[in-house]
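Geometric and topological summary
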Amino acid sequence: MTSEFFFGHLNYWLFIILMMTGLYIVVAKGNLVKKIVGLNIFQTSVFMFYISIGNVTGGTAPIFPLDMKIDPDVIYSNPLPHVLILTAIVVGVATTALGLALIVRIREEFGTIEEDALLELEHEIARKVSDQHGEAMGGRHSGD
Amino acid sequence: MVLTALAVVRMRSLFAVVMLSGIFTLLSALLFVTMDAVDVAFTEAAVGAGITTVLMLGTLALTSRHERPTARSPLIPLFVVFVTGAALIYGTMDMPNFGDPTAPAQTHVGADYIARTPEEIDLPNMVTAVLASYRGYDTLGEVAVVFTAGIGVLLLISGLRRRRRKDEDNEGSA
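Predicted, not measured: the structure shown is a model, and the values here were computed from it.

**Here we look at the overall build of chain B**
Tallying secondary structure elements over chain B gives nine helices and zero strands in all. Along chain B, helices and strands appear, N-terminal first, in the series α-α-α-α-α-α-α-α-α. A buried classification covers 32% of the 174 residues belonging to chain B. For chain B, contacts bridging at least 24 residues in sequence account for 43% of all contacts bridging at least 6. Carbon and sulfur atoms form 68% of the exposed surface of chain B, whose accessible area is close to 10400 Å².

**Describing the overall build of chain A**
Of regular secondary structure, chain A possesses four helices and zero strands. Going residue by residue from the N terminus, the α and β elements of chain A occur as α-α-α-α. Here chain A holds 144 residues, and 48% of them are scored as buried.

**What to know about the interface of chain A and chain B**
In this assembly, 81 residues from chain A lie in contact with 85 residues from chain B. Between chain A and chain B, a total of about 7600 Å² is buried, with carbon and sulfur atoms accounting for 75% of that surface. Here chain A and chain B share zero salt bridges between them. At the boundary of chain A with chain B, the tally comes to zero residue pairs in polar contact (both at pLDDT 80 or more). Contributions of two or more residues to the side of chain A that touches chain B are made by helix 1 (3–28), helix 2 (32–54), helix 3 (79–110) and helix 4 (115–136) of chain A. Looking at the side of chain A that touches chain B element by element, the count peaks at 24 residues for helix 3 of chain A. Looking at the side of chain A that touches chain B residue by residue, the class counts come to 52 nonpolar, 20 polar and nine charged.

**Notes on helix 3 of chain A**
Here helix 3 of chain A is 32 residues long and its end C-alpha atoms lie 46 Å apart, about the 46 Å a rise of 1.5 Å per residue gives. Looking one or two residues beyond helix 3 of chain A, the residue adopting positive phi is A:G111, at roughly 75°.

**A closer look at the nonpolar core**
Counting residues in each nonpolar core, the largest one holds 44 residues, and the members touching the most others are A:I51, A:I103, B:F32 and B:V40. At the level of elements, helix 1, helix 2 and helix 3 of chain A together with helix 2 (14–34), helix 3 (38–62) and helix 7 (126–134) of chain B are the ones that each hand at least two residues to this core. Ranked by the residues each element gives to this core, the list is headed by helix 1 of chain A, at 10 residues. Not counting residues up to four positions away in its chain, the partners in contact with A:I51 are A:P81, A:H82, A:I85, B:F32, B:M35, B:A37 and B:V40.

**Notes on the side chain of B:E44**
The residue B:E44 is located in helix 3 in this model. Apart from the residues within four sequence positions on either side, B:E44 is in contact with A:T44, A:F47, A:I89, B:T25, B:S28, B:A29, B:F32 and B:A49.

**Topic: the packing of helix 3 of chain A against helix 3 of chain B**
Following both chains from N to C, one finds helix 3 of chain A and helix 3 of chain B inclined at 0°, their axes separated by 10 Å at the closest point. For the element pair helix 3 of chain A / helix 3 of chain B, the angle class is roughly parallel. Where helix 3 of chain A approaches helix 3 of chain B, its residues A:H82, A:I85, A:L86, A:I89, A:V93, A:T96, A:A97, A:L100, A:I103, A:V104 and A:R107 are matched on the opposing element by B:D39, B:V40, B:T43, B:E44, B:V47, B:I51, B:T52, B:L55, B:M56, B:T59 and B:L62. Each residue belonging to the contact of helix 3 of chain A with helix 3 of chain B can be placed in one class, and the counts come to 14 nonpolar, five polar and three charged.

**Quick word on the packing of helix 2 of chain A against helix 3 of chain A**
All names here are of chain A. Two elements in contact, helix 2 and helix 3, have axes whose closest approach is 11 Å; the angle formed by their N-to-C orientations is 175°. Considering the angle they form, helix 2 stands roughly antiparallel to helix 3. Residues belonging to the contact of helix 2 with helix 3 are distributed by class as follows: 14 nonpolar, eight polar and no charged.

**Here's the deal with the environment of B:L57**
Residues and elements named next belong to chain B. Looking at where L57 falls in the secondary structure, it is placed in helix 3. C-alpha of L57 to C-alpha of M19: the two residues are 38 residues apart in sequence and 9.0 Å apart in space. For L57, the residues in contact, after removing those within four places along its chain, are F15, V18 and M19.

**Some remarks on helix 3 of chain B**
Compared with an ideal rise of 1.5 Å per residue, which puts 25 residues at 36 Å, helix 3 of chain B spans 35 Å between its outermost C-alpha atoms and is within 8% of the ideal. Along helix 3 of chain B, the largest kink reaches about 30° and is centred on B:E44.

**Overview of the confidence of the model for chain B**
Taken over all residues, the pLDDT of chain B has a mean of 75, while the share at 70 or more is 66%. In the model of chain B, helix 1 (residues 2–10) of chain B stands out as the element of lowest mean pLDDT, 62, in contrast to helix 8 (residues 136–158) of chain B, which has the highest, 84.

**Some remarks on the environment of A:E122**
All names here are of chain A. Along the chain, the position of E122 falls in helix 4. Taking the relative accessible area as the measure of exposure, E122 reaches 55% and is therefore exposed. Taking the C-alpha atoms as reference points, E122 and F110, 12 residues apart in sequence, are found 9.8 Å from one another.

Conventions and cut-offs
Numbers given to residues run from 1 along each chain, matching the order in which its sequence is written. To read the labels, note that chains go from A and ligands from 1, taken in the order they are written. A pLDDT threshold of at least 70 governs which residues receive local features in this predicted model, and a stricter bar of 80 or more applies before side-chain atom pairs are shown or counted, although totals over entire chains, interfaces and linings include all residues. Only hydrogens and water are removed before side-chain values are computed, so all heavy atoms of the structure are retained for them. Runs of E in the DSSP output that reach at least two residues are strands. Runs of H or I that reach at least four are helices, and both are numbered from the N terminus. The classification of residues rests on relative accessible area computed with a 1.4 Å probe and restricted to protein chains. Under 20% of the type maximum is buried, over 50% is exposed, and intermediate values are partly exposed. Pairs of residues are marked as contacts when any of their non-hydrogen atoms sit within 4.5 Å. Areas reported here follow the Shrake-Rupley algorithm with a probe of radius 1.4 Å; residue values treat only the protein chains shown as occluding. Take the accessible area each of two parts loses on contact, using a 1.4 Å probe, and add the two losses: that sum is the buried area. In the sections that follow, a salt bridge refers to a side-chain nitrogen of Lys or Arg positioned within 4 Å of a carboxyl oxygen of Asp or Glu. What qualifies as a polar contact is a pair of N or O atoms within 3.5 Å, subject to a donor-acceptor requirement within protein and to the restriction that residues adjacent in sequence count only when both atoms come from side chains. Each residue gets one of three labels, nonpolar for Ala, Val, Leu, Ile, Met, Phe, Trp, Tyr, Cys and Pro, charged for Asp, Glu, Lys and Arg, and polar for the others, Gly among them. Multiplying one less than the number of residues by 1.5 Å gives the expected span of a helix. Put simply, buried Ala, Val, Leu, Ile, Met, Phe, Trp, Tyr and Cys residues joined by side-chain atoms within 4.5 Å make one nonpolar core. A fitted line through C-alpha atoms serves as each axis, taken over the contacting stretch for helices, and the angle formed by two N-to-C directions is quoted from 0 to 180°. The cut-offs work like this: below 35 degrees is roughly parallel, past 145 is roughly antiparallel, 65 to 115 is roughly perpendicular, and the gaps in between are oblique. The bend at a residue is defined as the angle formed between two axes, one fitted to the seven residues ending at that residue and one fitted to the seven starting there. The quantity known as pLDDT measures the predictor's confidence residue by residue, on a range of 0 to 100.

Structure representation (structure tokens):
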């Protein structure tokens, strides 16, 4: 592994580390707001990954001079990833807003935004429902 | 940035977590500037760091401020995360070096957009040209997504005050 290869790929690896940090927060943390923050971190690292693909050494931002006198020697970075990521940022905010609205609604309905407590509540509701239907169908009373 | 992200993992106060995520986004905007993506940088700073933080603070105001520690062990998630990360890093082994001008991403449509924007669109900013003209349908789809999300948020939140008043009435009469 040459040092050129190492430093040429170091940026990708750093973004992957950030991505995995976000993924870890989403999977391991129980608080719903924190999960959304983790999702945002994941998202931002994917953005950075894309932009770094579009970068060209010695290039400049993809904007022509205002008078449109274009110097053919100037190298521009690839504008396509920038466009895709611009769209992705706005869509990301929209999904974040939707997720946060869902959290507010969940909190209003169940009084908690912790995953563990929500699971417990859900089990309780499921047990009640199955008891009801079980009795109606002549079955035994489940559990206790 | 890695430090900020790790701090988010450790922190229990949600207010601090939200602030740190704002800092994280601003740092990423700086990184976008150094990677020549100025349009992306200011969108990220305004939309990502601004609007998202405000939305999250609003959610915190409506819910709770602290996270309870979970009882589950973090081993399985850690394992999953490490395997995924290793697979992704293995995937980057075949990628071209950072900033390589002969990379496939640079030699196909990207160069085409740069070459044809002056004569076909005649706008100085290539990102705007591609966004609004070459890939206009993408932007239309984006507007549709934002509209749908807006409707969803309104539907979810709108009944809040009405329901709360109804609850109070019930408690008062009971």
